[in-house]
Amino acid sequence: MQLLVATTNAHKLSEIRSILTGLDVNLVSLSDFPPVIVPDETGDTFVANAREKALHYAAATGQLTLAEDSGLEIDGLNGEPGVHSARFNGDSYSERFKAIYTRLANAERLRCRARFVCALVVVRGSNILFETRGTVEGQVANEPSGAAGFGYDPIFHYPPYGKTLAEVSREEKTAVSHRGKAVRALRNYLATNTALWET
Ligand code: ITT
């Protein structure tokens, strides 16, 4: 039972691994295979991009493959950065945060609603075997805070914790996060659909 977690993002990989811990599955990553060209991600939805990545890496490696596409939707910015989260406004997250606050301050929309979204897809060959979507609702924080997590976590205020997702442990984050929800749905699916493993 081998599953390729196909992501170039080491933070995603470690969160996904931690949620799948204990499952009777041998998790492998892209570093276990010869280099694969990174797909373009041309879709305009998270699920379209997740499918594109999963099909691409499954074809390149021949493995049962999990891929996910995720990002932050900010209501006051009409859903931006959305599917462009990884490449939004500048090369560093501090530049991205600055751009977001400038635009939100202009519109007096600080503390506006936002959500992280994760679309997760599992593929064997050219067949999509499983798809799910996880979200977590929150607000844009008044200012960036915290050093844990990655990406936009420092500006994502999660009201039930009264903190950003960069101010909590990985376990606290994945207990409520978009990725935590999506990967736990996959975990349940893998645990109850053992036929998936028959080639
Ligand atoms: P792969 O495509 O190789 O998986 P990537 O980082 O390019 O890696 P995406 O295209 O799905 O992945 O972009 C996801 C971006 O969304 C990520 O780089 C962050 O900027 C943001 N993001 C997603 N999940 C996040 C999280 O849990 N915390 C903070 N930011 C997150």
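Provided above is the structure to which this section pertains.
No experiment lies behind these values; they were computed from the predicted model shown.

A. Just helix α1 (residues 10-20), in detail. Taken together, the buried positions of α1 are occupied by K12, L13, E15, I16, I19 and L20. One side of α1 holds all its buried residues, which, seen down the axis, span an arc of 170°. Buried residues in α1 make contact with β1 (2-5), β2 (26-29), α2 (46-61), β3 (65-74), α4 (170-176) and α5 (178-192). Between the side-chain oxygen at the start of α1 and the backbone nitrogen of H11 there is a gap of 2.9 Å, and the oxygen is on N9.

B. Region of interest: the site of the ligand. As a matter of local geometry, the ligand sits amid 21 residues, with T7, T8, K53, Y93 and K173 nearest to it. Within the side chain of T7, one N or O atom sits 2.6 Å away from an oxygen atom of the ligand. S70 is positioned such that a nitrogen or oxygen atom in its backbone is 3.1 Å from an oxygen atom of the ligand. Isolated, the ligand exposes 610 Å² of accessible area, and the fraction of that covered by the protein chains is 94%. At the level of secondary structure, the elements contributing two or more residues to the shell around the ligand comprise β3 and α5. Looking at the shell around the ligand element by element, the count peaks at four residues for β3.

C. Highlighting the side chain of N49. Mapped onto the elements, N49 comes out in helix α2. Not counting residues up to four positions away in its chain, the partners in contact with N49 are E41, T42, G43, D69 and V83.

What counts, and where the lines are drawn
Residues numbered from 1 in each chain as written. Predicted model: local features only at pLDDT ≥ 70, side-chain atom pairs only at ≥ 80, totals over all residues. Heavy atoms only, no water. Buried < 20%, exposed > 50% of the residue type's maximum accessible area, 1.4 Å probe, protein only. Helix = DSSP H or I, 4+ residues; strand = E, 2+ residues; numbered from the N terminus. Arc of directions from axis to C-beta. Contact = heavy atoms within 4.5 Å. Polar contact = N/O pair within 3.5 Å; in protein donor to acceptor, adjacent residues only side chain to side chain. Near = heavy atom within 4 Å. Areas by Shrake-Rupley, 256 points an atom, 1.4 Å probe, with all protein chains shown as cover.

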